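# Notes for the structure review
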Amino acid sequence: MTLLTVKDLRKKYRNVISTERGRFQKRLAEPPPRYARHDIFLAHPGLSRESLLPVVLEIEAMGFRVCVDRHNLNNAARLPADTEEWGLLRSLLDGSRCLLYVAPDEQRLAASSAWLFGYMEHCTDKVAVLPVFERDTGTDIFQGEGLLSRYPYAGVARAMGEEADTLWVMHDPRKNINLDYWFSDRTLRP
């Protein structure tokens, strides 16, 4: 299993990024429909919009529907401002099969992080950290600190006999689980 790097993703999607940038900005500016269904709610504190776009492109190229968290686009410490925003956030989480929490190099947590983790853990038990580094770190192992250390992490791998990469969740060094299987397995808990 390999961890995502912004440098590699920018290289992979360099021809697509310029055409998708405007559409992505519009997507981030407009809230998704309140009752939309997604595979992944992607929280991304500390990750710039320029770094976020290739990450979203990669996940969507694997066939997953992604809801991008709009609440911490400009400020990793920002909480939703009013009850309407909290209601929208809850409905988006309720409509997602899992929470992937992007942990950039700094591994800093947004003010709403503990709430996001707790809410999704209560709803689906499907919470994982998605390490995204600026450059290759030379390791395929992620060891989060604090709250991030409590949850499994996701990376990219290709199953034997498959033609394409997909996301996998690592619960421990001996147990990697394909994300599609993880969605359906009710026995796996972080």
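Below: a short report on this structure. Only a predicted model underlies this, so the values are computations on that prediction, with no experimental measurement involved.

The helix and strand tally for the protein stands at six helices and eight strands. Listing every helix and strand of the protein by position from the N terminus yields β-α-α-β-α-β-α-β-α-β-β-β-β-α. Each of the 190 residues in the protein was classed as buried or not, and the buried ones make up 49%. For the protein, contacts bridging at least 24 residues in sequence account for 73% of all contacts bridging at least 6. Surface exposure of the protein reaches about 9,900 Å², of which carbon and sulfur atoms provide 47%.

Turning our attention to the side chain of threonine 5. Within the fold, threonine 5 resides in strand β1 (residues 4-5). For threonine 5, a relative accessible area of 6% gives the class buried. Of the polar contacts made by the side chain of threonine 5, one reaches the side chain of aspartate 8; its length is 2.8 Å. Non-local contacts of threonine 5, meaning those with residues more than four positions away in its chain, are made with Phe133, Glu134, Arg135 and Asp136.

Before going further, it helps to spend a moment on the nonpolar core. Judged by nonpolar contacts, the single largest core of 34 residues is most densely connected at Ile40, Leu42, Val55, Ile59, Leu100, Leu130 and Leu167. No other element matches the six residues that helix α3 (residues 49-61) contributes to this core. Core analysis: the next-biggest nonpolar cluster, separate from the first, contains 23 residues, Leu3, Ala103, Phe117 and Leu148 among them.

Another aspect to go through is the pairing of strand β7 (residues 166-172). In terms of burial, β7 is largely enclosed, as five of its seven residues are buried. Where strand β6 (residues 153-157) and β7 come together, five bridges link them in antiparallel fashion. In the strand pairing of β7, alanine 154 is matched with valine 169.

What counts as what
Residues numbered from 1 in each chain as written. Predicted model: local features only at pLDDT ≥ 70, side-chain atom pairs only at ≥ 80, totals over all residues. Heavy atoms only, no water. Helix = DSSP H or I, 4+ residues; strand = E, 2+ residues; numbered from the N terminus. Buried < 20%, exposed > 50% of the residue type's maximum accessible area, 1.4 Å probe, protein only. Contact = heavy atoms within 4.5 Å. Areas by Shrake-Rupley, 256 points an atom, 1.4 Å probe, with all protein chains shown as cover. Polar contact = N/O pair within 3.5 Å; in protein donor to acceptor, adjacent residues only side chain to side chain. Core = buried A, V, L, I, M, F, W, Y, C linked by side-chain atoms within 4.5 Å. Pairing = 2+ DSSP bridges.

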